[in-house]
Amino acid sequence: AEHNLRCSGCGIQVQTEKPEELGYAPEAALKRDPLLCQRCFRIKHYNEMSSVTPDQDEFLKILSGIGSTDALIVHIVDLFDFEGSLIGGLHRFVGSNPVVLVVNKIDLLPKAINTNRILNWVQRMAKENGLKTAEIVLCSAKKNIGFDRVVEAVARLRKDKDVYVVGATNVGKSTLINRLIRDYSDLESELTVSPYPGTTLDLVQIPLDDGRFIIDTPGIVYKHRLTELIDKKDMQTLLPDKPIKPAVYQLNEQQTLYFGALARFDFVQGARQSFTCYISNAVPIHRTKLERADELYATHKGEMLAPPHKDRLELLPPLVKHAFRIPKGSLSDILISGLGWIAINSDAGAQVVVHAPKGVKVAVRSSLI
Ligand code: GDP
């Protein structure tokens, strides 16, 4: 039957005949207000269902439960906070199940970056962190880059198994799963939620065409990521939504950079050299002299040095120091988890100190870019 009805989500004309075609809604759904086609219904529903934040024990239960099932694991990480968003010891939990590592947010890198180089870097980092991967895929869920490769890798590697999607919070898991629902799951059945054995949690299940499911697990909250420590309002400032324009600073020794009031970088000793900051361009950077840095912070934090705004400053743990000696001739990044990184191409070597909120992961690695 022809219905001259339109989906209030996407505007398409609704039809009840062909589930595999656009605009399909089951007969019964026509009475719903607002009227949604099945695709929009799933997308809307998914967001409502996927908001549980369990504690660490619940995660471990879910993860170790996956180890005793035969499944494909899709681990989503955020390229902008690679080490911060990687699930440590994933293999201990998921057993011998194959892992597809989906590296999201590649749209944030400057345009001219060679993706093979990034892929090699990710391979090395995964290996260093003891993660064996069946495949690594770079993508941007938001800008729809590489999504076909994600779908292709999952289809090829899952055979006839279920797919578990795991990741830390804010890596773009929901964005990616929404795409999967939109572009991939073409079924008459709707999303279901079922309790995961042994936990108080419900997991969202997205039906696949062979009776199997994509199972979305809740995002893991890692307190070592700055994004998870601060107020939601400030978090939006930290999460870049455009390609990052690296900010290059030529510093003399005894100079300091402040990233809002969130972190500080001291160039303690070494020849004049440049430091390249890959940090959300919404976070203002202030340069000062090391000897004046403490006083500047004391008088201007929450105002000139922001975010966070002074009303929310109390939430921020106190800054603690991490000292690093960057060797001569090395290409290194100092990662401040959740904030970004500072690239150092040091001919002469450098002694630096990073001040970051207590608990935030700060680490040196070989350069991503
Ligand atoms: P989840 O907590 O892992 O489910 O993450 P969300 O899907 O809610 O995304 C967290 C934040 O990252 C949101 O602000 C998204 O807009 C953003 N985001 C997700 N995917 C991408 C991406 O590919 N690129 C960029 N730049 N941002 C993304």
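Residues numbered from 1 in each chain as written. Predicted model: local features only at pLDDT ≥ 70, side-chain atom pairs only at ≥ 80, totals over all residues.

## Concerning the sheet that holds strand 3 (residues 135-138)
Part 1 of the reasoning: Overall, mixed pairing links the 7 strands, which are arranged 3-2-1-4-7-6-5 in an open sheet. The sheet terminates laterally at strand 3 and strand 5 (192-195), the two strands that pair on one side only. Across this sheet, the average inter-strand angle for adjacent strands is 25°, counted without regard to direction.
Part 2 of the reasoning: Alignment of strand 6 (residues 202-207) against strand 7 (residues 213-216), held across 4 bridges, turns out to be antiparallel. Paired with Val204 across the strands is Asp216, a residue of strand 7. (Pairing = 2+ DSSP bridges. Helix = DSSP H or I, 4+ residues; strand = E, 2+ residues; numbered from the N terminus. Axes fitted to C-alpha atoms, helices over the stretch in contact; angles between N-to-C directions.)

## Focus: the site of the ligand
Part 1 of the reasoning: Residues in close proximity to the ligand total 19 residues, the closest being Lys142, Gly172, Lys173, Ser174 and Thr175.
Part 2 of the reasoning: Element by element, the count of residues in the shell around the ligand is highest for helix 7 (residues 173-183), at 3 residues. (Near = placed C-beta within 6 Å.)

## Brief notes about the pairing of strand 15 (residues 340-346)
Part 1 of the reasoning: Most of strand 15 sits out of view: 6 of its 7 residues are buried.
Part 2 of the reasoning: Bridge analysis of strand 14 (residues 330-336) against strand 15 gives 7 bridges, and the strand direction is antiparallel. Considered in strand 15, the bridge of Ile336 is made with Gly340.
Part 3 of the reasoning: Count of turn residues in the strand 14/strand 15 antiparallel hairpin: 3 residues, of which Gly338 carries a positive phi of about 95°. (Buried ≥ 20, exposed ≤ 12 C-beta atoms within 10 Å, placed from the backbone.)

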